[in-house]
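# Chains, contacts and geometry: an overview
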2 protein chains.
Amino acid sequence: MSARAGIVVTGTEVLTGRVADRNGPWIADRLLELGVELAHTTICGDRAADIEAALRFMANEGVDLIVTSGGLGPTADDMTVAIVTQFCGRELVLDTELENKIAAILKKLMSRVGVGAGDFDAVRAANRKQAMVPAGAVVLDPVGTAPGVIVPGAPTVLVLPGPPRELQPMWRTAVELPAFQQAVAGRTVYRQDTIRMFGLPESGLAETLREAEQDVPGFAALEITTCLRRGEIEMVTRYEPDAADTYRRLSDYLRDRHWQQIFSEDGSQIDDQVAQLLTGRRIATAESCTGGLLSARLTERPGSSAYLAGGLVAYANEAKADLLGVDPALIDEHGAVSEPVAEAMADGALRRFGADTAVAITGVAGPGGGTDDKPVGTVCFTIALTDGESSTRTLLLPGNRSDIRERSTTVAMHMLRQALG
Amino acid sequence: MSARAGIVVTGTEVLTGRVADRNGPWIADRLLELGVELAHTTICGDRAADIEAALRFMANEGVDLIVTSGGLGPTADDMTVAIVTQFCGRELVLDTELENKIAAILKKLMSRVGVGAGDFDAVRAANRKQAMVPAGAVVLDPVGTAPGVIVPGAPTVLVLPGPPRELQPMWRTAVELPAFQQAVAGRTVYRQDTIRMFGLPESGLAETLREAEQDVPGFAALEITTCLRRGEIEMVTRYEPDAADTYRRLSDYLRDRHWQQIFSEDGSQIDDQVAQLLTGRRIATAESCTGGLLSARLTERPGSSAYLAGGLVAYANEAKADLLGVDPALIDEHGAVSEPVAEAMADGALRRFGADTAVAITGVAGPGGGTDDKPVGTVCFTIALTDGESSTRTLLLPGNRSDIRERSTTVAMHMLRQALG
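Here is what the cut-offs are and how they apply
Sequence order sets the numbering: in each chain, residues are counted from 1 along the sequence as written. Going through the entries in the order they are written, you letter the chains from A and number the ligands from 1. With pLDDT at 70 or above as the cut-off, local features in this predicted model cover only qualifying residues; side-chain atom pairs require 80 or more to be listed or tallied, and sums for whole chains, interfaces and linings still use all residues. Heavy atoms from the whole structure form the basis of all side-chain values; hydrogens and water molecules are not counted. Helix and strand definitions follow DSSP, with helices as H or I runs of at least four residues and strands as E runs of at least two, each counted in order from the N terminus. Throughout this description, buried means an accessible area under 20% of the type-specific maximum (1.4 Å probe, protein chains only), exposed means over 50%, and partly exposed covers the range between. The contact criterion used is simple: two residues touch if any of their non-hydrogen atoms lie within 4.5 Å. Whether two strands pair depends on DSSP finding at least two bridges between them. Axis definition: a line fitted to C-alpha atoms, over the contacting stretch in the case of helices. Angles run 0 to 180 degrees between N-to-C directions. Throughout the structure description, domain borders are defined by an automatic or database domain assignment. One speaks of a salt bridge when a side-chain nitrogen belonging to Lys or Arg is within 4 Å of a carboxyl oxygen belonging to Asp or Glu. Each polar contact in these results corresponds to two N or O atoms within 3.5 Å; when the atoms are within protein, one needs to be able to donate a hydrogen and the other to accept it, and residues that are neighboring in sequence are counted only if both atoms are side-chain atoms. Here the nonpolar group is Ala, Val, Leu, Ile, Met, Phe, Trp, Tyr, Cys and Pro; Asp, Glu, Lys and Arg are the charged ones; every other residue, Gly included, is treated as polar. Only residues whose relative accessible area exceeds 30% and that take part in no salt bridge are eligible for patches, with like-charged residues grouped when within 9 Å of each other and nonpolar side chains (Val, Leu, Ile, Met, Phe, Trp, Tyr) grouped when within 5 Å. Using the Shrake-Rupley algorithm and a 1.4 Å probe, accessible areas are obtained, with residue cover drawn only from the displayed protein chains. The convention is simple: Lys and Arg are positive, Asp and Glu are negative, and His and the chain ends are not counted. For charged residues, the charge sits on one atom: NZ in Lys, CZ in Arg, CG in Asp, CD in Glu. Each crossing gets its handedness from the near helix: less than a right angle anticlockwise from the far helix is left-handed, clockwise is right-handed. Viewed with both strands pointing away, a crossover whose connecting path from the first strand over the helix to the second turns clockwise is right-handed. To sort the angles, those under 35 degrees are grouped as roughly parallel, those over 145 as roughly antiparallel, those from 65 to 115 as roughly perpendicular, and the leftovers as oblique.

With that out of the way, let us pick up the overall build of chain A. Broken down by element type, chain A carries 16 helices and 17 strands. In terms of overall dimensions, chain A has C-alpha extents of about 75 × 70 × 40 Å along its principal axes. In chain A, buried positions account for 55% of the 421 residues. Looking at chain A alone, contacts between residues at least 24 apart form 68% of all its contacts between residues at least 6 apart.

Printed below as a string of structure tokens:
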């Protein structure tokens, strides 16, 4: 038994490459987790004949489930529901309960932006279209203003909105419903485990895995994928439940060789771990080349005000001197990108914010500004603690400006973990 | 006359979302420039039956040209050329001249990494596979080690390698060849224009477009797509050159109604416009709920050190008082999320950084911290100028914590544009 699925991404802006498709890869990942095999992803524009052709292609390929994304908005170029309805041989009917729900959502939205009642009626009429659903379909309540639908059949079609912030919660609702579960009843139940590493090159892990293939009995039962992301390696292993012992042996094997680089085996991200370690502490940041990315990352999660005192983006040298108290002579002598300046920035952040933990980052993000001594990608990091030892490192990070800035925040997170762990 | 094309992306790592597809969007862009209409992009794994199904789907859809990417390597899971050959009803033949070319490339590569002659023979045998091409095909010389091919026919198939650094130069060679030009002989040269708006709900634009359909003669000749991104609406219109007058009438029509919301008609993004307006100025930021996202956004582009003095992330109230000089009594009286505090933060940023332009953001990003008076999504913004009037606004932004933070930076960028424009 197995279950196969296809993903139909719609949207001229995605087909033409103006907007990157975030939904196809995300749904692909979820299907993998569920043990549903993905056959094809197709992308087409907002054209009835093309959307219909993509649905027909998937059906001809014998998939059990088609997931569509996009084309649920109020404008005329949003037509997915109507086409899916026709494709599934159903009638399009007005769901008045749904219409009222959408109206209530819109009323709330419009009152916020201060639109009058006359305008509201026009908008409501435009959005009646969104309350038209295939007869007999399972309606998924809107996360934004657009509802989704599941049309049971062979194949079953799950219709989701385009914006990821609407699609993702709606997907989670949909997978729990009987109409979805029936469509993928043939799926294989897999276990999936994730090991995350930092500071190991991908080729180093590849070599270990080649050797493990010889040394770990039953290795072939493990489906391993590795992926380099934000400077971390993520190794995901999928296996049927009776291969659990083999997986345990493989993870022992990896831990034996790479215990220094493995930082997570329970699914946690470095951000979760740092947030946990910062409980009861006060942290401040002093950033140059990252321009605030680290403080933004530290404040991504709710409740971060409990430990983040604040941060300073000291882009100009005067800001480093005036606001962090970095001695201008230090900058003259060693340059703004140097370990002594990183240390002075971290000390300044501790003092100015009355913090007990500080991180400083100063580097050359490029594309200009590199020298023979300090090429583009040179970044100095300091972690300072009032109740522990400071640590300072200089790294040469690969990639373009955006990669270097992003990667720098990851390095800082791992240094924080080490300092506080 | 017109020419239609399809893109077949192959690769299990792309299908499963572990690697983002960079080729589909890039080729889509090139086809658009050429005036070749893209019907579909499909993504499938390294499986013969799935690749064949994708090719057949495109042929059934009547495309004139299929472009494939990936699957040209020496390993067994690279099979695109063999499948395309069979699909086109040709024989696979060894191209000895090509074999010698690949051998020469490999010899050079191997000598660099110091591989001996014995190993070289093994590698060369493995790569003989890459010199097998469809009889009568046009061979595209390797950029890496993999050659591409053009197989003329109905449809013509252009086979390109997966790595973008190989695919892109090979594409440029391919489009100049008669075999390619003949396949797309029916192409239409289109014009494409983009209008960007801020502060208009998508349904508002939809309504205007519905009315324009009645009021603007020839409207049907315009192919319009709209897309909501980071709180902005992007409207892209594609049309044949003889519909230029119709497009001009439509853009006049839009400008007439939405002149306050239209900020770009020349393809520029708000970030470009703000960077331009900041030339010769010194800007400083004072952020609370956005935690550094605005300063990070302002420093995304190279050269931003010319205008960004720095920024302060004043998350804690003490930081607002100590580092920005916000009177604690003001916070007690009005709350940290209030217009007087936003104004005081902006003034503090001007003074502390010696800047002439400052932006302050303070708000409730949620999910906690909302009150009846100031629900989650309430954000206060101030733009302060030493040589102009300050402006302050309070908005109620929709979405989750991440949306509210992200959207706040967009609002700040648009307020900056208005203040400096």
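This part takes up the sheet that holds strand β7 (residues 148-151) of chain A. Strands belonging to one sheet form pairs held by backbone hydrogen bonds; the direction of such a pair is parallel or antiparallel. An order of β6(A)-β7(A)-β8(A)-β3(A)-β1(A)-β2(A)-β2(B)-β1(B)-β3(B)-β8(B)-β7(B)-β6(B) is seen for the 12 strands of this open sheet, with the pairing classed as mixed. The open sheet terminates on both sides in strands that have one partner only, identified here as β6 (138-140) of chain A together with β6 (138-140) of chain B. Going from strand to strand, the sheet's axes swing by 15° on average, the running direction of each strand aside. Note: strand β1 (residues 4-10) of chain A against strand β2 (residues 37-44) of chain A, seven bridges, orientation parallel. Paired with V8(A) across the strands is T42(A), a residue of β2(A). Those strands touched by helix α2 (residues 23-34) of chain B are β1 (4-10), β2 (37-44) and β3 (65-69) of chain B, and its axis lies near 165° from that of β1(B).

All right, on to the domain arrangement of chain A then. Here chain A is partitioned into domain 1 (4-183), domain 2 (191-267) and domain 3 (271-420). Between the C-alpha centres of domain 1 of chain A and domain 3 of chain A the distance comes to 43 Å.

Our focus in this paragraph is the interface of chain A and chain B. Tallying the contact residues gives 69 residues for chain A and 72 residues for chain B. Between chain A and chain B we count nine salt bridges in total. In this structure, R47(A) engages E223(B) in a salt bridge whose closest nitrogen and oxygen atoms are separated by 3.3 Å. At the boundary of chain A and chain B, one finds 26 residue pairs in polar contact (both at pLDDT 80 or more). Here the side of chain A that touches chain B is built from residues that sort into 29 nonpolar, 21 polar and 19 charged. Pairing of β2(A) with β2(B), which is carried by five bridges, proceeds in the antiparallel orientation. Within β2(B), the residue paired with I43(A) across the bridge is T41(B).

Glancing now at a positive patch on the surface. A cluster of basic side chains, namely R351(A), R352(A), R351(B) and R352(B), defines a positive patch on the protein surface. Secondary-structure elements contributing two or more residues to the positive patch are α15 (339-353) of chain A together with α15 (339-353) of chain B. Here R352(B) shows up in helix α15.

Turning our eyes to something else, we now look at the packing of helix α3 (residues 48-60) of chain A against helix α3 (residues 48-60) of chain B. Closest axis-to-axis distance for the α3(A)/α3(B) pair is 11 Å, and the angle between their directions is 145°. Crossing of α3(A) against α3(B): the hand is right-handed. Along its contact with α3(A), which presents A53(A), A54(A) and F57(A), the element α3(B) presents A53(B), A54(B) and F57(B).

The subject of this paragraph is the pairing of strand β14 (residues 308-313) of chain A. The buried count for β14(A) comes to six of six residues, which makes it a mostly enclosed element. Between the parallel elements strand β13 (residues 283-287) of chain A and β14(A), the chain passes through helix α12 (residues 293-298) of chain A in a crossover that is right-handed. Pairing geometry for β14(A) and strand β14 (residues 308-313) of chain B, over three bridges, is antiparallel. Counted as the bridge partner of G311(A) is V313(B) from β14(B).

All names here are of chain B. For the pair α3 and helix α4 (residues 80-87), the least separation of the axes is 10 Å and the interaxial angle reads 45°. Viewed along their axes, α3 and α4 adopt a mutual orientation that is oblique. Here α3 and α4 pass one another in a crossing that is right-handed. Seen from α3, the contacting residues are A48, I51, E52, L55, R56 and A59; seen from α4, they are I83, V84 and F87. Residue composition of the contact of α3 with α4, by class: seven nonpolar, no polar and two charged.

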